[in-house]
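This is what each chain is made of:
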Amino acid sequence: MRTLWTNARVITAASDDATPQDLEILTEAGRVLEVGTGLDRTGAEIADCGGALLTPGLVDCHTHLVHGGDRAREWEMRLDGAGYEDIARAGGGIASTMRATRAMTVEDLVETALPRLDHLLAEGVCTVEIKSGYGLEIGAELNMLRAARRLAALRPVRVITSWLAAHALPPDYKGRGSDYIREVAIPGLDQAHAEGLVDAVDGFCEGIAFSVAELEPLFARAAELGLPVKLHAEQLSHQGGTAFAAGHGALSVDHLEYATPGDAAAMAAAGSVAVLLPGAFYMLRETQVPPVDAFRAAGVPMALATDCNPGTSPVTSILMTMNMGATLYRLTVRECLAATTRHAAAALGLGTETGVITKGASADFALWHAESAAQIINRIGFNPLKARVFKGDFV
């Protein structure tokens, strides 16, 4: 069906200009055919948007949406003074979620993840990335990605998956990071790839996780399989992960609180997106802010994501994430919108498939009860979404 979307104030997000324009959008078979004014209505169904603000459907490009268990008790411990590394070394943190995740079936994982996914969709998200990383054994890691694929079949949403077996060391591999990569992360990746479960490969480069040297064989195997890479890096300290990831042409480097101007230059040269995760910064009460000015100066595109996870960022609100990006990191309104549309799409290797309203893109839109992008981002605890459109269909 051909549809002409009219009576909307459109922000295409194809540039840094976030000024709404009176534009029409012609779509067919879930794709944008034309964007402009006075478009040919012949044979088109008219979709009157009622004067709504229309943006691309939002993209949440970094989540751990599929997992078992709950870590509210650890949050309470942090309020009492325990540190993130203290909790992790005591068997909490990712290890506690590992135990809960291993105990769940694919069906269990889907059932518990659906409410989290539905909350994101209700705020205009049309594309979401979902990582493995809490099973820390081959079978459980595969089940996490099987659940992620199942979610995409149950809801009108685009799901991109990342193999994050190199997230933490399970207790039986303590002190043997290289063995874990060789015996679990790489053979598990091979199985995930053979089963069609994986779109990208991720890792956690940190003192409590994996070193650059330990991650090198995993990234080399990803290259052999033709899979793009990304990396959690410089969140709690500077371990050199950003330069390592950029050297592998990473789609994105994520967290980045301790990144340097040199890291920003390396990312710019590689075309990597800086994915900022203010939910974790907020929940951990961090004080080291990512070097936003360095990213701006180097021309590194910045994305924002919820980092939805049970421990350090139990956030299922992309709108709140945008507000935190503006308030905590001093991103502008234009930057926040780009960070959850075209830059977030780029962080997933989607190019202009989504995150922009331009000829050839998927017809993924969010319609808002708002006059401007600032009104979407400014309010706290308020959802101005009027409607969500995925591949040309109201949902």
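Reading guide: rules and limits
- Position numbers for residues start from 1 in each chain and track the written sequence from start to end.
- Residues qualify for local features only when their pLDDT is at least 70, as the model is predicted, and side-chain atom pairs are given and counted only at 80 or more; totals for whole chains, interfaces and linings, by contrast, use all residues.
- To get the side-chain values, all heavy atoms of the structure are used, and hydrogens and water are removed first.
- Stacked, tilted and edge-to-face are the three classes applied to pairs of Phe, Tyr and Trp rings, where Trp contributes its six-membered ring and a pair requires centres within 6.5 Å; stacked means planes under 30 degrees apart, edge-to-face means over 60, and tilted covers the rest.
- Put simply, DSSP H or I for four residues or longer makes a helix, DSSP E for two residues or longer makes a strand, and each gets a number counted from the N terminus.
- Relative accessibility under 20% of the residue-type maximum defines a buried residue, over 50% an exposed one, and the middle range a partly exposed one, all with a 1.4 Å probe and only protein chains included.
- We call a charge positioned above a ring when the Lys NZ or Arg CZ atom is no farther than 6 Å from the ring centre and deviates by at most 35 degrees from the ring normal.
- UniProt positions are given in the numbering used here, feature names are shortened, and annotations may be inferred rather than shown by experiment.
- We call two residues in contact whenever any of their non-hydrogen atoms come within 4.5 Å of each other.
- We define a polar contact as two N or O atoms separated by no more than 3.5 Å, with the added condition that, inside protein, one atom must be a possible hydrogen donor and the other a possible acceptor, whereas residues neighbouring each other in sequence contribute only through side-chain atom pairs.
- Should DSSP find at least two bridges between two strands, the strands are regarded as paired.
- Convention adopted: a line fitted to C-alpha atoms gives each axis, helices being fitted over their contacting stretch, and angles between N-to-C directions are expressed from 0 to 180 degrees.
- For our purposes a nonpolar core is just a set of buried Ala, Val, Leu, Ile, Met, Phe, Trp, Tyr and Cys residues, chained together by side-chain atoms within 4.5 Å.
- By definition, a salt bridge exists where a carboxyl oxygen of Asp or Glu is found within 4 Å of a side-chain nitrogen of Lys or Arg.
- Given a helix with a known number of residues, its expected span is that number minus one, times 1.5 Å.

A. Quick look at the packing of aromatic side chains. By the definition in use, this model includes 6 aromatic pairs. Ring centres 5.1 Å apart and planes at 55° place the aromatic pair Trp5 and Phe394 in the tilted group. One end of the pair, Trp5, is in strand 1 (residues 2–10); the other, Phe394, is in strand 16 (residues 393–394), with 389 residues separating them in the sequence. The exposure class assigned to Trp5 is buried, which follows from its relative accessible area of 1%. On the basis of an interplanar angle of 25° and a centroid distance of 5.1 Å, the ring pair of Phe219 and Phe244 is categorised as stacked. Of this pair, Phe219 sits in helix 7 (residues 212–225) while Phe244 sits in helix 8 (residues 241–247), placing them 25 residues apart in sequence. The buried category is assigned to Phe219, whose relative accessible area is 1%. According to the relative accessible area criterion, Phe244 is buried, its value standing at 9%. Each residue in the set Trp5, Phe365 and Phe394 is aromatic and connected to the rest through ring pairs, giving one cluster. Between Arg379 and the ring centre of Phe382, over which it is positioned, the NZ or CZ distance is 3.9 Å.

B. Quick peek at the UniProt feature "binding site: N-formimidoyl-L-glutamate" (unreviewed entry) in the protein chain. UniProt tags Tyr134, Asn309 and Gly311 as "binding site: N-formimidoyl-L-glutamate" (unreviewed entry). Spanning 178 residues, the named residues form one tight spatial group whose C-alpha atoms are at most 11.4 Å apart. With respect to the helices, strands and loops of the structure, Asn309 is situated in the loop between strand 13 (302–304) and helix 12 (318–329). Given a relative accessible area of 4%, Asn309 falls into the buried group. When neighbours within four sequence positions are excluded, Asn309 is seen to be in contact with His64, His67, Tyr134 and Pro314. Here the side chain of Asn309 touches Asp307 through a polar contact of 2.8 Å, landing on its backbone oxygen. In this fold, Gly311 is placed in the loop between strand 13 and helix 12. Ignoring any residue separated from it by four or fewer positions in sequence, one finds Gly311 in contact with Arg71 and Arg78.

C. Summary view of the sheet that holds strand 13. Spatially, 6-7-8-9-10-11-12-13 is the arrangement adopted by the 8 strands of the open sheet, whose pairing is parallel. With partners counted over all chains shown, the strands left at the sheet margins are strand 6 (58–60) and strand 13, one partner each. Across the sheet, the axes of successive neighbouring strands diverge by a mean angle of 25°, strand direction being ignored. Pairing analysis gives 3 bridges linking strand 11 (residues 252–255) to strand 12 (residues 273–276), with the strands arranged parallel. Across the sheet, residue Asp254 finds its bridge partner in strand 12, namely Val275. Against the sheet, helix 5 (residues 138–154) makes contact with strand 7 (125–131) and strand 8 (158–166), and its axis sits at roughly 175° relative to strand 8, the strand it touches most.

D. Structural detail: the environment of Gly139. Within the secondary structure, Gly139 is located in helix 5. By relative accessible area, which is 38% here, Gly139 ends up partly exposed.

E. Expanded view of the pairing of strand 7. Among the 7 residues in strand 7, 7 count as buried, and that is most of the element. As paired elements, strand 6 and strand 7 share 3 bridges and run parallel to each other. Looking across to strand 7, one finds that Leu58 is bridged to Val125.

F. Here's a closer look at the nonpolar core. With 91 residues, the main nonpolar core has Tyr180, Leu218, Leu276, Phe295 and Trp368 as its most contacted residues. Ranked by residues supplied to this core, first place goes to helix 4 (residues 106–121) with 8 residues. If you look at the next biggest cluster of nonpolar residues, it comprises 16 residues, including Val32, Cys49, Leu54 and Ala363.

G. Quick peek at the pattern of salt bridges. Inspection of the entire model under this criterion finds 23 salt bridges. The salt bridge partner of Asp364 is Arg158, with a shortest N-O separation of 2.8 Å. Of the two residues, Asp364 sits in the loop between helix 14 (342–347) and strand 14 (365–368) while Arg158 sits in strand 8, which places them 206 residues apart along the sequence. Here Arg158 falls in the buried class, since its relative accessible area comes to 11%.

H. Geometry of helix 12. Here helix 12 contains 12 residues, and its C-alpha end-to-end distance of 15 Å stays within 8% of the 16 Å for a straight helix at 1.5 Å per residue. Every buried residue of helix 12 is listed here: Ile318, Leu319, Thr321, Met322, Asn323, Met324, Gly325 and Tyr329. Trailing helix 12 by a residue or two, Arg330 shows a phi angle of about 65°, which is positive.

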